[in-house]
Amino acid sequence: MTAPLDLDYLRRAPKVLLHDHLDGGLRPGTVAELAAECGYTELPAETADELATWFREAADSGSLELYLETFAHTVAVMQTPVGLRRVARECAEDLAADGVVYAEVRFAPEQHLESGLSLDEVVEHVLAGFREGEESARAQGREIRIGCLLTAMRHAARSREIAELTVRFRDRGVVGFDIAGAEAGYPPSRHLDAFEYMRTCNAHFTIHAGEAFGLPSIHEAIAFCGTDRLGHGVRITDDITVGPDGEMTLGLLANYVRDKRIPLELCPSSNVQTGAVANLEEHPFDLLARLRFRVTVNTDNRLMSDTTMSREMLALVNTFGYGWSDLERFTINAMKSAFIPFDQRLALIDEVIKPGYAVLIG
Ligand SMILES: O=c1[nH]cnc2c1ncn2[C@H]1C[C@H](O)[C@@H](CO)O1
Ligand SMILES: [Zn+2]
């Protein structure tokens, strides 16, 4: 018998998450406790409940720039070994509790140097936290694997350094590189040397592109930088026209993205909050899914969107009427697009994802 498609069963479904920011996924209570421990006095609210509401409402800004301002408070409490480790451990625990079996979690090491840690030390503490979280999840019967992505901030000038840091840690749990931050005015090609370095090292990267800025950003990310995946990429719809009879025509760039199976790391709730799309009903997720782009479901920032992978999937189910087989397809899309070796991706698909959905599909 097919399992009901509700939050409870969605949590049991094996899920794969490719786009989740470590500094956008803290537990509200942890923000409050770490602030008290490290003497950060600028928090906009005191209790966990008040903070949860504040982050969600402040991020509901309709602009990526205003949305990003909320990160000042989370980054502020992630400056010490204790803070970094705890946030990473809890991230792994929370994702595992939600039924995520594989996640790539990203953060920008250059934003965590205020108490004198080196870039390498910051990464070491975060990786140690992930390993602790994986172990405590395992002790509770939940298997999760976390790969770490290192992000460079696109308005800054440290991308080459962060790319080198990524490659230095490639055998210790860092699986790829990314650029993030305000998109308008900071094209991906500003960081060409970092991407060239990554390609020289046969290393993987994704680029936030096509979120707050349109096709030129996506074109640069692919044609100039050679990105493996697109962070968001929703604006690829600017290159798709839907005729009066519903006939869809893809432009050269949209065709290229689809033909090359370039994965789209779509983040439905986040896109509504930053104003990339007006509401979930108008989100192009379904259009792209029906056109068979390689769509994946992601959280982006669980704290700012007050969300989880299960809730993002439920929102899509309620909006577009998806069934378990659709969710399995999106999950396999994500697993195929991960930055870990092919044989390991295949093992997770065959041994964890397919059997997990088979039980739910009945
Ligand atoms: O959706 C996003 N677009 C661009 N930048 C983002 C997004 N979500 C988080 N960031 C930024 C803020 C964080 O401090 C940084 C590293 O995780 O990445
Ligand atoms: Zn993001």
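It should be emphasised that the depicted structure is a prediction, and the values quoted were computed from it without experimental measurement.

Caption draft 1: Region of interest: the sheet that holds strand β3 (residues 145-153). Pairing is parallel in the open sheet, where four strands are placed in the order β1-β2-β3-β4. On the outer flanks of this sheet lie β1 (15-21) and β4 (174-180), each paired with one strand and no other. Each strand of the sheet is rotated relative to its neighbour by a mean of 25°, with strand direction disregarded. In the sheet, β1 pairs with strand β2 (residues 100-107) via five bridges, with the strands oriented parallel. When the bridges of β2 are listed, L17 appears paired with A103. Contacting β1, β2 and β3, helix α6 (residues 81-97) crosses the sheet at an angle of about 145° to β2. Lying over the sheet, helix α15 (residues 309-320) contacts β1 and β2, oriented at roughly 105° with respect to β1.

Caption draft 2: How the structure looks around the UniProt feature "binding site: Zn(2+)" (unreviewed entry) in the protein chain. Per the UniProt entry, the sites bearing "binding site: Zn(2+)" (unreviewed entry) are H19, H21, H208 and D300 in this numbering. Annotated residues spanning 282 residues; largest pairwise C-alpha distance 11.9 Å, indicating a single compact cluster. Among the structural elements, H19 can be located in strand β1. When residues no more than four places from it in sequence are discounted, the contact partners of H19 are E104, R106, H208, G231, H232, E265, C267, N298, T299 and D300. Take H21: it is sitting in strand β1. Judged by relative accessible area, H21 falls into the buried class, the value being 10%. In this view, H21 contacts V105, R106, A180, H208, D300 and N301; residues no more than four positions away in its chain are not counted.

The rules behind each value
- Residues numbered from 1 in each chain as written.
- Chains lettered and ligands numbered in written order.
- Predicted model: local features only at pLDDT ≥ 70, side-chain atom pairs only at ≥ 80, totals over all residues.
- Heavy atoms only, no water.
- Pairing = 2+ DSSP bridges.
- Helix = DSSP H or I, 4+ residues; strand = E, 2+ residues; numbered from the N terminus.
- Axes fitted to C-alpha atoms, helices over the stretch in contact; angles between N-to-C directions.
- Contact = heavy atoms within 4.5 Å.
- UniProt positions renumbered as here; feature names shortened; annotations may be inferred.
- Buried < 20%, exposed > 50% of the residue type's maximum accessible area, 1.4 Å probe, protein only.

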